[in-house]
There are 4 protein chains.
Amino acid sequence: MELKALFLNCTLKKSPEESNTEGLINLVRAHFDELGVESEVIRPVDYDIPFGVVSEMGEGDQWPEILDKIKAADILIMAMSIWFGVRSSVAQLVIERLDGTYAETNEAGQYPMYNKVGGVVVTGNEDGAHACSETTLFNLTHLGFAIPPNADTYWVGDAGPGPSFLEAMGQDHPYTQKTSTWMAHNVVHLARILKENPIPPEGNTVKGWEHIPHPG
Amino acid sequence: MELKALFLNCTLKKSPEESNTEGLINLVRAHFDELGVESEVIRPVDYDIPFGVVSEMGEGDQWPEILDKIKAADILIMAMSIWFGVRSSVAQLVIERLDGTYAETNEAGQYPMYNKVGGVVVTGNEDGAHACSETTLFNLTHLGFAIPPNADTYWVGDAGPGPSFLEAMGQDHPYTQKTSTWMAHNVVHLARILKENPIPPEGNTVKGWEHIPHPG
Amino acid sequence: MELKALFLNCTLKKSPEESNTEGLINLVRAHFDELGVESEVIRPVDYDIPFGVVSEMGEGDQWPEILDKIKAADILIMAMSIWFGVRSSVAQLVIERLDGTYAETNEAGQYPMYNKVGGVVVTGNEDGAHACSETTLFNLTHLGFAIPPNADTYWVGDAGPGPSFLEAMGQDHPYTQKTSTWMAHNVVHLARILKENPIPPEGNTVKGWEHIPHPG
Amino acid sequence: MELKALFLNCTLKKSPEESNTEGLINLVRAHFDELGVESEVIRPVDYDIPFGVVSEMGEGDQWPEILDKIKAADILIMAMSIWFGVRSSVAQLVIERLDGTYAETNEAGQYPMYNKVGGVVVTGNEDGAHACSETTLFNLTHLGFAIPPNADTYWVGDAGPGPSFLEAMGQDHPYTQKTSTWMAHNVVHLARILKENPIPPEGNTVKGWEHIPHPG
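None of the values given here were measured: they were computed from a predicted structure.

Caption draft 1: Spatial organisation of the overall build of chain A. Looking only at helices and strands, chain A has five helices and six strands in total. For chain A, the N- to C-terminal ordering of α and β elements is β-α-β-α-β-β-α-β-α-β-α. When the backbone C-alpha atoms are referred to their principal axes, chain A occupies close to 50 × 40 × 25 Å. Counting across all 216 residues of chain A, residues that qualify as buried make up 65%. Here the analysis covers contacts within chain A between residues at least 6 apart in sequence; of these, 79% occur between residues at least 24 apart. Entry remark: accessible area of chain A is about 7000 Å², with carbon and sulfur atoms responsible for 48%. Side-chain charges of chain A comprise 14 positive and 30 negative groups, with the mean position of each set lying 3 Å from the other.

Spelled out as structure tokens, the structure:
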């Protein structure tokens, strides 16, 4: 069974600058390679994406290109840096634009993200990884993603500012190695399980609930 | 296939006082009944549970009774009230005691909560449901639970203090009806899928990672 | 004593569209008028502000114009909409750019935001106001702002999507009226107290701690 | 001018076990000693405090003893350990019991915590300090406390479980030294300023707003 994974690297940095978050993405991606999962990494900051909460915002809006990639993927990994203890503005912008998907359904009548699996990658020079992961994984469940156990991996340094992932050689950190291994395997396991056994469209389709506005 | 669901009603109120959270639990539970899922509701506050982070704390500690029920369940619904914008102290205490499960594995060598499914029920007279849900669902994924799409349901009133679920007839609120329906169905769907297709013990077992202390 | 207040309306909407957050800002602003405090409202989304964490990002970066206004103000009110349970991407972007102020000091050698007072205004159609306020007020304290009691005001509707502030006539909501009154008065009270009694530069100046990188 | 500070060490550990949080409290306390501020440390877990949201819960409830100490203090430092990325259940229980103070006023008609100053001390073996601080400082503002700049200090290790404050010699960590110094000085500075210049009872008294239930 072929699976596709998409990483959205929500760094603030425009390529080709080095991204710490990309460093940790690479650790996860190596597992996807071993597991035969095709993956792609894109940086939203390289696209022109206006602030908003619908899927199409007119001329010049490049979000639809990213949304097409998300729709084509079985696994979405939201990758981000921590700023001021929470997820980056770019990660928040991406989640806001995903609000537009509530206006659509899949063929079964569910939200279009149903039967996709979500995971999170976080790097920061310190504290805030739990906050980034919990908000993002929860938002993904609202959008329709399923979340396996141990669906996040992160690297942070100890209290206060300091070296970031690349400089600190975060890829050698035992906990980060463990969690990136477990996360990579679990999103693949669950994506395979759901591809063969999709969530039945019973008790979770939009039909009958159209009188309730889309959440945001 | 028979499934069992356990609700932990983490209200601060000792029975037999009426609990708003129990009101919303009942809405979810009615769906479990229709779906042929056996369910039980317990209030941790009715047990003698010392603060701590291991599974057994000696004489008088009644947590092991609750832990046995969790282990016997396929679905765990953490139900809680909001206080000061976040989950109740009783909900936090329960999560802390679950830390003890990291010291065990299931037969496959995974954390013992693997292949169980988690969901969340929240009530409050106002604001804070996202915070309660996101923290709790995320903690459950760390412990080994899988989370389906739309895995939480809540009722809150508008800004500021005011009537709570029972007085406000929260059971008639359209969004709460939708989310309790979707949540109930999705935790059951995913629990059935995982019961027949457990997460393979590949890349997610404790063996080989024992040098890393348990998370907390 | 003359005081100046600046509101940053971190709505996603470009003017001249109506902003719900501006509706609640107006409630607070009316109190500032009564109290003789000069105020200005600007929308960061109307400026060209690149993602980043320094104060000057080169040609076309309009953040320095906003930063000058912040520096000239005694009171900064961060106003924002809730999206997916947390503060808007525009609010997060503003906080990230304020990171650049850690590289400067005031005349006393403290962070340049010392002796300014912060407050928060939040609107959303539902749940998430506590999360927005707590993250933002905390970030402001790190940057150097002081926070008086009851420093936030918000309006949200009950559970799930629904009408927003303007449509719901949020300005008539008793709790929102109370909190906007208290917040407006308290930021002014504390700003006056600190203008006459600045926080002494003892035990809180950068000198001697330059070996520690700036926080982020 | 004499000031009193009270630390509530919301560790889960019953004395006389060593508490990591107490280790960091001692760092802050040393500054209070230098500054001539009398301080006391108590552990709520050593008292019999039922779960609840009012100030008096009847026979055997020892919360009123702690509340008396809070009322007698000019500075309240909430100290806590991180569990599962957020503040300990004991810290949450303390905040919940403080809900009861909304039912009272000071002589000026404000909430009884007005003109007191709050600060936060956090330790954990890893990630979560921002979450603990932001929730707690925000809750304190709602209750009536004022918050100076840089009002929190914490020590956490890098990603994942590992040694805690005492074992890791957290007291030697530069960022923790800086933030404990700044925090200690700033809560004292602001407490002194407010003792001589209390927040005027204008636009922030309960009178006239009694129709709005107490927040929670």
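Caption draft 2: A look at the state of the cysteines. All names here are of chain D. Per the counting criterion, the structure on display carries zero disulfides over all chains. This cysteine, C10, is not joined by any disulfide, and C132 carries the nearest cysteine sulfur, 11 Å off. For C10, a relative accessible area of 0% puts it in the buried group.

Caption draft 3: Looking closely at the confidence of the model for chain A. The predicted model of chain A has a mean per-residue pLDDT of 96, with 100% of residues at 70 or higher. Of the two predicted TM-score estimates for the complex, the pTM is 0.98 and the ipTM is 0.97.

Caption draft 4: Geometry of the interface of chain B and chain D. Across the boundary between the two partners, chain B contributes 28 residues, which contact 28 residues of chain D. Interface area, chain B with chain D, both sides summed: about 2400 Å², of which 73% is carbon and sulfur. It is F51, F84 and P161 of chain B that lose the most area in chain B upon contact with chain D, and together they represent 33% of the buried surface on that side. In this structure, the connection of chain B to chain D is made through zero salt bridges. Taken together, the connections running from chain B to chain D amount to eight residue pairs in polar contact (both at pLDDT 80 or more). Every element with two or more residues in the side of chain B that touches chain D is listed here: β4 (86-87), α3 (89-98) and α4 (129-143) of chain B.

Caption draft 5: Examining the pairing of strand β3 (residues 75-83) of chain B more closely. Residues and elements named next belong to chain B. The element β3 is largely enclosed, with a buried count of eight among its nine residues. Alignment of strand β1 (residues 4-10) against β3, held across six bridges, turns out to be parallel. By the bridge assignment, C10 is partnered in β3 with M80. Taken together, the seven bridges between β3 and strand β5 (residues 117-124) define a ladder with parallel strand orientation. Bridge pairing in β5 links A79 to V121.

Caption draft 6: Looking closely at the interface of chain B and chain A. Across the contact, 43 residues belong to chain B and 43 residues belong to chain A. Of the roughly 3900 Å² buried between chain B and chain A on both sides combined, carbon and sulfur atoms contribute 64%. Inspection of the region where chain B meets chain A yields zero salt bridges. Seen at the junction of chain B and chain A, the total is 21 residue pairs in polar contact (both at pLDDT 80 or more). Within the residue set of the side of chain B that touches chain A, elements represented by two or more residues are α4 and α5 (174-196) of chain B. Broken down by element, the residue count for the side of chain B that touches chain A peaks at 12 residues, all from α5 of chain B. Here the residues of the side of chain B that touches chain A are counted per class, giving 22 nonpolar, 17 polar and four charged.

Caption draft 7: Spotlight on helix α3 (residues 89-98) of chain A. A large share of α3 of chain A lies buried, amounting to 10 of its 10 residues. Listed as buried for α3 of chain A are S89, V90, A91, Q92, L93, V94, I95, E96, R97 and L98 of chain A.

Caption draft 8: Quick look at the packing of helix α2 (residues 63-72) of chain A against α3 of chain A. Residue and element names in this part refer to chain A. At a minimum axis separation of 11 Å, α2 and α3 run at an interaxial angle of 80°. Put simply, α2 runs roughly perpendicular to α3. Side by side, α2 and α3 meet where W63, L67 and I70 of the first sit next to V94, R97 and L98 of the second. Classifying every residue of the contact of α2 with α3 by side-chain character gives five nonpolar, no polar and one charged.

Caption draft 9: A look at the relation of the copies chain B and chain A. Between the two copies, chain B and chain A, the superposition gives an RMSD of 0.0 Å; the rotation angle is 180° and the shift along the axis is 0.0 Å. With respect to symmetry, the two chain copies, as superposed, fit the operation of a two-fold axis. Most of the interface of chain B is mirrored in chain A, where 100% of its interface residues again form contacts.

Caption draft 10: Representation of the pattern of salt bridges within the structure. Residue and element names in this part refer to chain C. According to the stated counting rule, one finds 20 salt bridges over all chains in the structure shown. One salt bridge in this structure joins R43 and E22, with 3.5 Å as the shortest N-O distance. Pair noted here: R43 is in the loop between β2 (38-42) and α2 (63-72) and E22 is in helix α1 (residues 20-34), with a separation of 21 residues, a long-range link. Given a relative accessible area of 22%, E22 falls into the partly exposed group.

Caption draft 11: Spotlight on unusual backbone geometry. We note that N115 of chain C has phi near 75°; this positive angle belongs to a residue other than glycine. As for its placement among the helices and strands, N115 of chain C is situated in the loop between α3 (89-98) and β5 (117-123).

Caption draft 12: Up close: the packing of aromatic side chains. Summed over all chains, the structure comprises 30 aromatic pairs over all chains. Here the aromatic rings of Y111 of chain A and Y114 of chain A are separated by 6.5 Å at their centres, their planes lie at 70°, and the arrangement is edge-to-face. Owing to a relative accessible area of 3%, Y114 of chain A belongs among the buried residues under this scheme. Taken together, the ring pairs in this structure connect F84 of chain A, Y102, Y111 and Y114 of chain C together with W182 of chain D into an aromatic cluster. Just above the ring of W182 of chain D sits the side chain of K178 of chain D; from NZ or CZ to the centre is 4.6 Å.

Caption draft 13: Looking closely at empty space enclosed by the protein. Within this structure, the stated rule accounts for eight cavities of 30 Å³ or more. Quantified by volume, the largest cavity comes out at close to 510 Å³. Residue lining of the largest cavity: 31 residues in total, with E134 of chain A, E134 of chain B, E134 of chain C together with E134 and T135 of chain D positioned closest to the centre. Contributions of two or more residues to the lining of the largest cavity are made by β4 (86-87) and α4 (129-143) of chain A, β4 and α4 of chain B, β4 (86-87) and α4 (129-143) of chain C together with β4 (86-87) and α4 (129-143) of chain D. Within the lining of the largest cavity, the residues separate by chemical class into 10 nonpolar, 13 polar and eight charged.

Caption draft 14: Summary view of the relation of the copies chain B and chain D. When chain B is fitted to chain D, the best match, at an RMSD of 0.0 Å, comes from turning it 180° and sliding it 0.0 Å along the axis. When the interface residues of chain B are mapped onto chain D, 100% of them again lie at the interface, so the same face is used by both copies.

Caption draft 15: Examining the packing of helix α1 (residues 20-34) of chain A against helix α5 (residues 174-196) of chain A more closely. All names here are of chain A. Where α1 contacts α5, the axes come no closer than 9 Å and their chain directions differ by 45°. Viewed along their axes, α1 and α5 adopt a mutual orientation that is oblique. As for the relative orientation of α1 and α5, their crossing is right-handed in sense. Across the interface between the two elements, L24, L27, V28, H31 and F32 of α1 pack against T176, S180, T181, M183, A184, H185, V187 and V188 of α5. Each residue belonging to the contact of α1 with α5 can be placed in one class, and the counts come to eight nonpolar, five polar and no charged.

Caption draft 16: Quick peek at α2 of chain C. All names here are of chain C. Buried within α2 are the following residues: W63, I66, L67 and I70. The buried residues of α2 occupy an angular sector of 100° when projected down its axis, which confines them to one face. Its buried side turned inward, α2 meets β1 (4-10), β2, β3 (75-83) and α3.

Caption draft 17: Geometry of the side chain of S19 of chain B. Residue and element names in this part refer to chain B. In this fold, S19 is placed in the loop between β1 and α1 (20-34). A relative accessible area of 5% means that S19 is categorised as buried. Within polar-contact distance, the side chain of S19 engages the backbone nitrogen of E22 at 2.9 Å. Look past the residues within four positions of S19 in its chain and what remains in contact with it is N9, T11, R43 and L166.

What counts and how
Residues numbered from 1 in each chain as written. Chains lettered and ligands numbered in written order. Predicted model: local features only at pLDDT ≥ 70, side-chain atom pairs only at ≥ 80, totals over all residues. Heavy atoms only, no water. Helix = DSSP H or I, 4+ residues; strand = E, 2+ residues; numbered from the N terminus. Buried < 20%, exposed > 50% of the residue type's maximum accessible area, 1.4 Å probe, protein only. Contact = heavy atoms within 4.5 Å. Areas by Shrake-Rupley, 256 points an atom, 1.4 Å probe, with all protein chains shown as cover. Lys, Arg positive; Asp, Glu negative; His and termini not counted. Charge placed at Lys NZ, Arg CZ, Asp CG, Glu CD. Disulfide = S-S within 2.5 Å. pLDDT = per-residue confidence, 0-100. Buried area = accessible area lost by both parts, 1.4 Å probe. Salt bridge = Lys/Arg side-chain N within 4 Å of Asp/Glu carboxyl O. Polar contact = N/O pair within 3.5 Å; in protein donor to acceptor, adjacent residues only side chain to side chain. Pairing = 2+ DSSP bridges. Nonpolar A, V, L, I, M, F, W, Y, C, P; charged D, E, K, R; others polar. Axes fitted to C-alpha atoms, helices over the stretch in contact; angles between N-to-C directions. Parallel < 35°, antiparallel > 145°, perpendicular 65-115°, else oblique. Least-squares fit on C-alpha atoms with pLDDT ≥ 70 in both. Phe/Tyr/Trp six-rings, centres within 6.5 Å; stacked < 30°, edge-to-face > 60°. Lys NZ or Arg CZ within 6 Å of the ring centre and 35° of its normal. 1 Å grid on protein atoms, 1.4 Å probe; cavity = no way out; pocket = protein on both sides within 12 Å on 5 of 7 lines; lining within 4 Å. Points joined across faces, edges and corners; volume = space filled by probe spheres on them. Left-handed = near helix turned anticlockwise from the far one by under 90°. Arc of directions from axis to C-beta.

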